[in-house]
Amino acid sequence: MGANPKLDPIRGEGSGNGSRPQPSYKVIGTRPIRPDGVDKVTGRALYGADVRFPDLLHGKVLRSPHARARIRSIDTSQAEALPGVKAVVTGADLPTAEDRFEDLGEGGINLRYLSENVLAHGRVLYHGHPVAAVAAVSPHIAEEALSLIQVDYEVLPPVMTLEEAMAEDAPILLEELRTDEMGERGNRPTNVAAHFRYELGNVEEGFAQADLVVEREFRTQTVHQGYIEPQMATALYDQDGQITIWTSTQGSFSVRSQVAEILQIPVSRIRVVPMEIGGGFGGKITVYLEPVAVLLSRKAGYRPVKLVMSRAEVLMATGPTSGSRIRMKMGATRDGRIVAAEAELVYEAGAFPGSPVGSGAVVLLAPYNIPNVRIDGYDVVVNRPRASAYRAPGGTNAAFASESVVDELARKLGLDPLEFRLKNGAKEGDRMANGLPHPKIGYLETVEAIRNSEHYNAPLEGRGRGRGRGVASGYWGNWGGKSSATAVLNADGTVTLNEASTDIGGTRASIAMQFAESLGIPYEKVKIRVVDTDCVSYNDVTGGSRTTFGTGLAAYELGQKMKAAMIQRLADIWGVSPEEVVYEEMVFSAGENRVTFDEAAKLIERRSTPVMVEAEVYGKKYGPAFSTQCVDVEVDVETGKVTILRYTIAQDAGKAIHPAYVEGQMQGGVAQGVGWALNEEYVYDREGHLLNASLLDYRMPTALDLPMIETLIVEVPNPGHPYGVRGVGEVNIVPPAAALANAIYDAIGVRMTELPMNPARLLEAILAKQAQESTQPA
Amino acid sequence: MPERKKRMITTTINGEEITFLCEPRQTLLEVLRDELGLTGSKEGCGNGNCGACNVLLDGVLVNACLVLAPEVEGRELVTIEGIAPGGELTLLQQKFLEHAALQCGICTPGFIVAAKALLDENPSPTEHDVRLWLAGNLCRCTGYDKIVRAVLDTAAALQAAQTTPTEVA
Amino acid sequence: MRAVDYVPVRSVEEAVAVLAEHGDRAAPLAGGTDLIAQLKEGHRSIDLIVDVKPIPELMELSYDPAAGLWIGGAVPCHRISRSQVVRRHYPALLDSTTLIGGIQIQGRASLGGNVCNASPAADSVPNLIAHSATCHVAGPQGTRTIPLEAFFVGPGQTVLRPGEFLVGFRLPVPPAHFGAAYLRFIPRNEMDIAVVGAGASVVLSPDGQTVQAARIALGAVAPTPLYVPEAGQALVGQPVTEESIARAAQIARDAARPITDMRGTVAQRKHLAGVLTARALRIAIDRARGTKTVDSLGRLNGHA
């Protein structure tokens, strides 16, 4: 793969120097219309729920009404007897999963828990935990059948909060769970699945050098990715044992692996057809419905079965990311050097281990070069749905804590918050808390971009009197992963590119553009398709901000290989050596011989071997991303409501392949971060029932809640990619909560340490401050 | 117990008279998607909070998930599939593409139907007008910036196209 | 959704007959934005949906300079908010019909449905009380008229007897120097249930300096929408000043007896009852004086 240096001139130049002059590109950096665009503005694009067959059955899932209970028995006989019902399945229909840890997508999980999360085995662990499923001739009949299934529960007291879970006498959710205590297995039942520590230098000595220490505790609530398309899956189990699954997922190969493991079926018998996907943000990696659809299809007499979640099911039983409690302590010298940082991060895992506390701990201090650091992380199970990845998993929680404390330090030291960041900001070679040195990064460049921005330099009227400005930064490590793809030369001079990274936000365009640039042809000549798992080799999920980087590498390589193949074919036809063939400006020539690209394609088809090339890559030289953001707010001190007046983001994209989609990622990430910061949260009652499982009461931002979001794309090329791509999807959600908290402090002098900073919480803090001030002598 | 007997409904969808069978409990959205194959209208929430199923019912913007199928007897419906009468993309659809006003695209049909209804009623909306009108349509990918720009740009282009000939004359 | 039958009815008499026959197994359908959602989510179970939209009176929106405004119970919000008469004479009604749900909810949702759903937080109610609306009800025993503030019994419960249904509302012609406003507080800027709502109307002296009459009603601070006559009474004969507004707001705040739920706390709601009452009064006063206008589409921007 990509080993031929002759084919790789641009990569050869990538010596790690970000200041090298930018090459002039023909395709990269332009804003063409995406290949799937027309279908998406006409309603013709087919998403997972749009799958139709004449003999299609509709499935529904019965979910636990209790947050924690033992299942004594399940009686499905009445449901099975209802006319129109074709199959009923329960956890008993699943094979016993292996007690083995596997990474089948983004982050690992014990297969036993993965299976238990698909259909409960003897116990339910959250409100909405699937217990049984029905396939029937209509969705309404399937729903009626659910009400005929008798489940005998022994209801147990739920464990809803971190405090309850970590209490000495806490009820134990998973009897078999033992703490992974820095690699050692604990010896008693617990709800603490893991404890780890990162340590650099000597924290005690570090704090001893500090002239100023700030310590605060922060809390964040469970939040959901909030993709607009609910989970769905359609499966057909054929009479010959071949299985086809149509679903919208971030990773078709991940779905294949998970279904294979859960149902103990070889991957070769499963074909996953990725439909258009209506948003994922990390939440469409784990399987929920796919194995159930397969079971139902087989049991219903080999008919296709479609399951589609309601919005309530989506909120109750998929997604969410962890609520958390973070204690953050930081010390700085009088001249503005951060000398020590200590933190404890405690994250909700939901019902099964696996919160993103590990990546949260890395994000926490990554923007800074701090000599003495100690971070303790805890992964704690509670009776909530199992946490899954959400855009820069764990990062927003962490940065809310660290960037709030950084802001407070800067204020107390009388330093501009951006100058303070520039003074302490991480550069290439500086070590992160996990001990790894930063590769070439563009953090300081994002801070400078904000410092030089029109926004940061514009006066804010009413500042400090209800209006305020805040800044914050964020880090995300990004990812490379594995991709494979093929490209076919067509006789009319176009190329069909087959890849398998499901396209959530325009990656077909960004991949096709890199291919076009690499082959030196216009974007319009590339027909790109996302194909199913039988068409190309393994691909990692669309996640970790990896697709434009990783599958982009494959596209680059395809372009180089196709160029070489065409040169080879033309050399054969012309009877010259390949070295004599020159390719420039879409013209191949060798001496007297001269053909355009289109003529070459036709000539090759007529007179030579067909051209199809393949690329398989494992992108390991991915480049981290940084974002620095600036926000102006107005706080209504009579109601506690925050209005965002202006928002500017500076983000290091490495190289923006399609700038409009880079801007879109920046804006979208901030919008999600704003929702998380101001209004989104899971509200449970004391019995563990989710109270706000609707888009009315799970309050994601509407168009009226946001201003235009200004974007400054910073380009410090990643030397590990021929065009310098880093990956842009995730980091933009990391800073908003802290930026808003800092802006609110700037506006009204109230330091918010709990998310969401909704009107109820903010009003309470404002009234408390007013009460305190009125009792103090003037 | 009410009968599950289906009834026959005749209505006009995207200019064509159509007769379909439905149960009274089926929503318009279910019939459009499951019975008629018009899957461009999406279900994001099923209770009127996301706008992904927006259609025009006698010219009025409504959520198809909150209309019962038998209610549309004798009415006129326009769905995303019928938003471009001649088949060519409307300017609004083109502007969505040019402005990259979609990422995953699942909310896009609802936004386009809603934005069309806005521009039909108010050809020169302000940014606030657009944001207020589109507040019933949730998008989780874009942060709305590019959607709002696409709608404003469409309005400006339509206004310019209307005023130019007069000015020339 | 459970299986259900559907019948459109074409007259008040037919509706009364069908509803009386089926009792609580039937429900009238107007815009359906509450009813259909409740049926889908299993919060409500009936056998028969009675579509009342084919009844002419239910879809009538008309104004008579003597009798005032008639709003049929099934008239959707979008028709009300686009009515020139409403824009001219009933400003609090305009406020509330432009902020119920999103535009696509307003395309269907009716005041009759919103009122009969009897949520304590219903956005249509405080404005209708401020505008002195009465409910016109038809049933097996004939028709009767009920002041809106007397229509509610508890959450989801009204004074409607079995077989009765709401035909429409009558709003009297506002006197000279009248102004009204409805404000609600929500965490977002759209698409939420009111944490607190406040409707206020005033009649000022011809010079605009003295309050001659005032009505104040609150939403989401009691088991039913709450009319606070003593708050309005406190303003009568008073000069229009911040002090008199603050006094009325304090009375409204004291009258509020909210609960804590996931949408708000007792303390927050009591506080907001005062804040919103004052703000709604200020807007109502400005409107009575003619010093504040709504935007080009007839909407009041910047509602709380």
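The rules behind the values
Throughout this description, residue numbers start from 1 for each chain and increase along the sequence as written. For this description, chains carry letters from A and ligands carry numbers from 1, given in the order in which they are written. Only residues with pLDDT of at least 70 are given local features in this predicted model, and only at 80 or more are side-chain atom pairs given and counted; all residues enter the totals for whole chains, interfaces and linings. The basis for the side-chain values is all heavy atoms of the structure; hydrogens and waters are excluded. Either an automatic procedure or a domain database provided the assignment from which the domain bounds are taken. Any pair of residues with heavy atoms lying within 4.5 Å of one another is described as a contacting pair. The quantity reported as buried area is the accessible area (1.4 Å probe) lost by two parts once they are put together, taken as the sum for both. Here, a salt bridge means any Lys or Arg side-chain nitrogen found within 4 Å of an Asp or Glu carboxyl oxygen. Only protein chains enter the accessibility calculation, which uses a 1.4 Å probe; a residue is then buried when its area is under 20% of its type maximum, exposed when over 50%, and partly exposed in between. What counts as a helix is a DSSP run of H or I of at least four residues, what counts as a strand is a run of E of at least two, and both are numbered from the N terminus. Pairs of N or O atoms are called polar contacts if they sit within 3.5 Å, as long as, within protein, a hydrogen donor faces a hydrogen acceptor (for residues adjacent in sequence, only side-chain-to-side-chain pairs). Amino acids are sorted into nonpolar (Ala, Val, Leu, Ile, Met, Phe, Trp, Tyr, Cys and Pro), charged (Asp, Glu, Lys and Arg) and polar (every other residue, Gly among them). By definition, two strands form a pair when at least two bridges between them are found by DSSP. In this analysis, axes come from line fits to C-alpha atoms, helices being fitted only over the stretch in contact, and the angle between any two N-to-C directions falls in the range 0 to 180 degrees.

1. Details of the domain arrangement of chain C
All names here are of chain C. Segmentation of chain C into domains returns domain 1 (5–117 + 133–171) and domain 2 (178–289). Distance between the C-alpha centres of domain 1 and domain 2: 25 Å. Taken together, the contact between domain 1 and domain 2 spans 14 residues of the former and 13 residues of the latter. With both chains or domains summed, domain 1 and domain 2 bury close to 1100 Å², and 63% of this area falls on carbon and sulfur atoms. When the area that domain 1 buries against domain 2 is broken down by residue, the three leading residues are Asp-95, Leu-99 and Glu-149, summing to 40%. Viewed at the interface, domain 2 and domain 1 are joined by two salt bridges. One salt bridge connects Arg-287 with Asp-95, and the closest N-O pair in it is separated by 2.9 Å.

2. A closer look at helix H13 (residues 417–424) of chain A
At 3.6 residues per turn, the α-helix brings residues three or four places apart onto the same side. Within H13 of chain A, six of the eight residues are buried, which leaves the element mostly enclosed by the surrounding structure. Among all positions in H13 of chain A, only Pro-417, Leu-418, Phe-420, Arg-421, Leu-422 and Asn-424 of chain A are buried.

3. Digging into the environment of Gln-242 of chain A
Residues and elements named next belong to chain A. One can find Gln-242 in the loop between strand E13 (232–237) and strand E14 (243–247). Taking relative accessible area as the criterion, Gln-242 reaches 35% and is therefore assigned partly exposed. When the C-alpha atoms of Gln-242 and Pro-371 are compared, they prove to be 57 Å apart, with 129 residues separating the residues in sequence. Residues within four places of Gln-242 in sequence aside, it is in contact with Leu-236, Tyr-237, Ser-268 and Arg-269.

4. A closer look at the interface of chain C and chain A
Facing 20 residues of chain C, the contacting portion of chain A comprises 24 residues. Both faces combined, the contact of chain C with chain A buries some 2000 Å², and carbon together with sulfur accounts for 53% of it. Along the contact surface separating chain C from chain A lie four salt bridges. Arg-279 of chain C serves as the salt-bridge partner of Glu-638 of chain A, at 2.8 Å between the closest nitrogen and oxygen. Seen at the junction of chain C and chain A, the total is 16 residue pairs in polar contact (both at pLDDT 80 or more). Here the side of chain C that touches chain A gets five residues from one element, more than from any other, and that element is helix H11 (residues 266–289) of chain C. Its residues placed into classes, the side of chain C that touches chain A shows 11 nonpolar, three polar and six charged.

5. Some details on the interface of chain A and chain B
Listed as interface residues are 56 residues of chain A and, on the opposing side, 53 residues of chain B. Summed over both sides, the interface between chain A and chain B buries roughly 4400 Å², with carbon and sulfur atoms accounting for 58% of that surface. It is Val-41, Ile-228 and Met-708 of chain A that lose the most area in chain A upon contact with chain B, and together they represent 17% of the buried surface on that side. The interface formed by chain A and chain B contains five salt bridges. For Asp-50 of chain A, the salt bridge identified is with Arg-33 of chain B, shortest N-O distance 2.7 Å. The tally of links between chain A and chain B comes to 27 residue pairs in polar contact (both at pLDDT 80 or more). Secondary-structure elements contributing two or more residues to the side of chain A that touches chain B are helix H2 (37–42), helix H5 (139–146) and helix H19 (659–678) of chain A.

6. Re the pattern of salt bridges
Residue and element names in this part refer to chain A. Under the definition given, this model contains 82 salt bridges over all chains. Where Glu-217 meets Arg-219, a salt bridge forms, and the shortest distance between an N and an O atom there is 3.3 Å. Taken together, the shared-partner salt bridges connect Arg-216, Asp-407, Glu-408, Arg-411, Lys-412, Arg-463, Asp-746 and Arg-751 into one network.

7. Describing the sheet that holds strand E22 (residues 495–499) of chain A
All names here are of chain A. Taken in spatial order, the four strands line up as E23-E22-E21-E27 in an open sheet, and their pairing is mixed. Across the chains shown, the open sheet's two edge strands, defined by having one partner strand only, are strand E23 (526–530) and strand E27 (612–619). Neighbour to neighbour, the strand axes of the sheet diverge by 20° on average, direction disregarded. With eight bridges joining them, strand E21 (residues 481–489) and E27 adopt antiparallel strand pairing. Looking at E27, one finds that Ser-483 is bridged to Val-617. Its contacts with the sheet put helix H16 (residues 507–519) on E21, E22 and E23, and the angle it makes with E23 is roughly 140°.

8. Some words on the sheet that holds strand E24 (residues 582–584) of chain A
Note: strands within a sheet are paired through backbone hydrogen bonds, in either parallel or antiparallel orientation. Residues and elements named next belong to chain A. In spatial order, the strands read E24-E25-E26; together these three strands make up an open sheet with antiparallel pairing. Strand pairing shows two members of the sheet lacking a second neighbour, E24 and strand E26 (593–596), which therefore form its edges. When strand polarity is set aside, the average angle formed by the axes of neighbouring strands in this sheet is 15°. Pairing analysis gives four bridges linking strand E25 (residues 587–590) to E26, with the strands arranged antiparallel. Residue pairing across strands places Val-587 opposite Thr-596, the latter belonging to E26.

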